[in-house]
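The residues making up each chain are set out below.
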Amino acid sequence: MTAAQLKRKNKNLSIAILEPRTEHYYQPAWTLVGAGTFNFNSTRRDEAKMIPAGVEWIKDFATTFDPEKNIVNTRNSGPITYDYLVLSPGIQNDIDALPGLREALETDFVCSNYLDPEKTFRILKNFKGGNAIFTQPTTPIRCGGAPQKIMYLTEDYLRKHHLREKSNVIYATPGSVIFGVKVFADTLTDIIKKRNIVFKPFYAPVMIDSKKKEITFRYVNPNPGPTALTMNSGINEIASAQDLITLPYDMLHLAPPQSAPDFIKQSPFAFADGPNKGWLEVDIHTLQHPKYKNVFGIGDSAALPTAKTGAAIRKQAPVVVDNILHLMKNQSFSSHQYEGYSSCPIVTGYGEMLLCEFKYDNVRDSDPLLKRFVDTTKTQWSMWILKKYGLPWLYWNMMMKGRM
Ligand SMILES: Cc1cc2nc3c(=O)[nH]c(=O)nc-3n(C[C@H](O)[C@H](O)[C@H](O)COP(=O)(O)OP(=O)(O)OC[C@H]3O[C@@H](n4cnc5c(N)ncnc54)[C@H](O)[C@@H]3O)c2cc1C
């Protein structure tokens, strides 16, 4: 997206994309694949088709950096020099950071839309009732809303297949609330109550025992007591802080622990310590590295206090593009700043979606044009259509082409 936008603004620029993979995925649709309502193959395109005309594709891995000399070292292509560098290597899944997860993923009861969304749907189709547990790690993850999207879809699926009465649908999260922005949290809380979903805040997964089909959580509420929304179905418990709580599962969906790719963690561009340790250090408004001024970071690996989504990158890329073009002309930065926009299209069932748009500090930032036509604080069928058809089209044909 960034390369395409740069090229559109100045076709004389010499740009290379260093990218080892030959396939590119539209990951936001993996939620729908996991619920059996989107074809996995349609989320994949050849990387070659993503490379903008006139941009060189170096099919290789970045390994290390020498920013004093403006060099990226690669696995096979030797050192590459740059005048400007945009880092956007995504996120890595740390399967072994949760004991038992690797073995559990080999069973027919544990799945993740982050790893294999087709398996999620196979497990859902085979589920005959019992505890369906949905959880996420204590680390930052891509699209923080995705673990609850598949939970709502599963709940809807079970109702449609007359299995709901035999099932507990449990959403256990280390977080304190269902969503960070109150107006959206209110809508989601109503849905949780109406649909008899068991919501367990302050549940941090610590271990899976796939032989016993059990997951253990640490209760991380700093002010323990009866939790506001832990409810329903005879599996409530009142826990003390740091207590370990084990729940049996018949289906378990989780987001694996995630972190910045190792080569970023070990690079001079990452935070060396503090809460953002290992993530790319950039100014949260200009997306420029504070020390190496010709280096920018966008996407999932950047330490930005907002949700890691493709929607966020859509607003980040133009800021990086403008700033690089200004720097090239020896001008000060453009006035264009990133304000933390991100969006979580929370699919709450087959045919309904809540479009949660927000910016830094959990401030609602719904599209003003959209707001004129639909109430974006409520779930809408039109937003489901946007998710299923509109957004994939926009991604492939507009965003990836640098047209928006
Ligand atoms: C289940 C799920 C649901 C989601 N739902 C939504 C949603 O509804 N809406 C939304 O906006 N977002 C959603 N997202 C998040 C969105 O997909 C990501 O935020 C986005 O794709 C991240 O883009 P990125 O460019 O940072 O990383 P990526 O798209 O992962 O790209 C990183 C690239 O860097 C390359 N790379 C890695 N290491 C190296 C190296 N050493 N050298 C060179 N290249 C390297 C990789 O090959 C890869 O191509 C979802 C994600 C998932 C998994």
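Residues numbered from 1 in each chain as written. Predicted model: local features only at pLDDT ≥ 70, side-chain atom pairs only at ≥ 80, totals over all residues. Heavy atoms only, no water.

Draft legend 1. Summary view of the confidence of the model for the protein. Per-residue confidence for the protein gives a mean pLDDT of 94, with 95% of residues at or over 70. Ignoring residues within four places in sequence, the model shows residues 231-236, a span with pLDDT below 50, making 17 contacts including any to other chains. (pLDDT = per-residue confidence, 0-100. Contact = heavy atoms within 4.5 Å.)

Draft legend 2. Examining the site of the ligand more closely. As a structural note, the neighbourhood of the ligand is formed by 29 residues, with Glu-19, Ala-62, Lys-149, Asp-300 and Ala-311 the closest of them. With respect to the ligand, the backbone of Gly-310 contributes an N or O atom lying 2.9 Å from an oxygen atom. The protein chains hide 89% of the 1,000 Å² of surface that the ligand would expose on its own. For the shell around the ligand, the elements supplying multiple residues, two or more each, are α6 (146-160) and α9 (310-328). The element contributing the most residues to the shell around the ligand is α9, with three residues. Across the shell around the ligand, the residue classes tally to 13 nonpolar, eight polar and eight charged. (Near = heavy atom within 4 Å. Polar contact = N/O pair within 3.5 Å; in protein donor to acceptor, adjacent residues only side chain to side chain. Areas by Shrake-Rupley, 256 points an atom, 1.4 Å probe, with all protein chains shown as cover. Helix = DSSP H or I, 4+ residues; strand = E, 2+ residues; numbered from the N terminus. Nonpolar A, V, L, I, M, F, W, Y, C, P; charged D, E, K, R; others polar.)

Draft legend 3. Molecular detail of the nonpolar core. Counting residues in hydrophobic clusters, the biggest one holds 98 residues, and the most contacted among them are Tyr-152, Ile-178, Phe-179 and Phe-269. Broken down by element, this core gets its largest block of residues, eight residues, from α9. Setting aside residues up to four positions removed in sequence, Ile-178 forms contacts with Gln-148, Tyr-152, Tyr-171, Ala-185, Leu-188, Thr-189, Ile-192 and Phe-199. Formed by 20 residues, the second largest nonpolar core is a distinct cluster that contains Ile-170, Phe-202, Tyr-219 and Tyr-249. (Core = buried A, V, L, I, M, F, W, Y, C linked by side-chain atoms within 4.5 Å. Buried < 20%, exposed > 50% of the residue type's maximum accessible area, 1.4 Å probe, protein only.)

Draft legend 4. The sheet that holds strand β7 (residues 79-81), seen in detail. Strands sit in the order β5-β6-β7 across an open sheet of three strands; the sheet is antiparallel. Every other strand in the sheet has two partners, leaving β5 (62-66) and β7 as the edge strands with one partner each. Along the sheet, successive strands turn relative to each other by an average axial angle of 30°, direction set aside. The pairing of strand β6 (residues 71-74) with β7 spans three bridges and is classified as antiparallel. Note that in β7 the partner of Val-72 across the bridge is Ile-80. (Pairing = 2+ DSSP bridges. Axes fitted to C-alpha atoms, helices over the stretch in contact; angles between N-to-C directions.)

Draft legend 5. Layout of the pattern of salt bridges. Tallying each qualifying case throughout the model produces 14 salt bridges. The residue Glu-23 makes a salt bridge to Arg-44 at a minimum N-O spacing of 4.0 Å. In this pair, Glu-23 is assigned in strand β2 (residues 23-25) and Arg-44 in strand β3 (residues 44-46), connecting sequence segments 21 residues apart. For Glu-23, a relative accessible area of 30% gives the class partly exposed. In this structure, Asp-156 engages Lys-160 in a salt bridge whose closest nitrogen and oxygen atoms are separated by 2.8 Å. (Salt bridge = Lys/Arg side-chain N within 4 Å of Asp/Glu carboxyl O.)

Draft legend 6. Summary view of the side chain of Asn-323. Relative to the helices and strands, Asn-323 is located in helix α9. Using a relative accessible area of 0% as the deciding quantity, one classes Asn-323 as buried. For Asn-323, the contacting residues outside a window of four places in its chain are Thr-286, Phe-296, Phe-333, Ser-334 and His-336.

Draft legend 7. Focus on the pairing of strand β15 (residues 214-219). Note: strand β14 (residues 203-209) against β15, six bridges, orientation antiparallel. The residue of β15 that forms the bridge with Tyr-203 is Tyr-219. Summarising the sheet, β15 and strand β16 (residues 244-248) pair through five bridges and their orientation is antiparallel. Residue pairing in the sheet places Phe-217 in a bridge with Ile-245 of β16.

Draft legend 8. The arrangement of the pairing of β6 in detail. As paired strands, β5 and β6 are joined by four bridges and run antiparallel to one another. Opposite Ala-62, over in β6, you have Thr-74 as the bridge partner. Hairpin remark: β6 followed by β7, antiparallel, with four residues in the connecting loop; positive phi at Gly-78, about 75°.

Draft legend 9. The packing of aromatic side chains, seen in detail. Taken as a whole and judged by the stated rule, the model has 17 aromatic pairs. Consider the rings of Phe-65 and Phe-263, whose centres lie 6.0 Å apart with planes at 25°: the pair is stacked. Separated by 198 residues along the polypeptide, Phe-65 in strand β5 and Phe-263 in helix α8 (residues 262-265) bring together distant segments of the chain. Taking relative accessible area as the criterion, Phe-65 reaches 12% and is therefore assigned buried. Ring geometry for Phe-179 and Phe-358: centres 5.8 Å apart, planes at 80°, overall edge-to-face. (Phe/Tyr/Trp six-rings, centres within 6.5 Å; stacked < 30°, edge-to-face > 60°.)

Draft legend 10. Region of interest: the sheet that holds strand β22 (residues 363-364). The strand order β20-β21-β22 describes an open sheet built from three strands, whose pairing is antiparallel. Every other strand in the sheet has two partners, leaving β20 (342-349) and β22 as the edge strands with one partner each. As paired elements, strand β21 (residues 352-359) and β22 share two bridges and run antiparallel to each other. Bridge pairing in β22 places Lys-359 opposite Val-363. Against the sheet, helix α7 (residues 182-194) touches β20, β21 and β22, its axis set at about 155° to β21.

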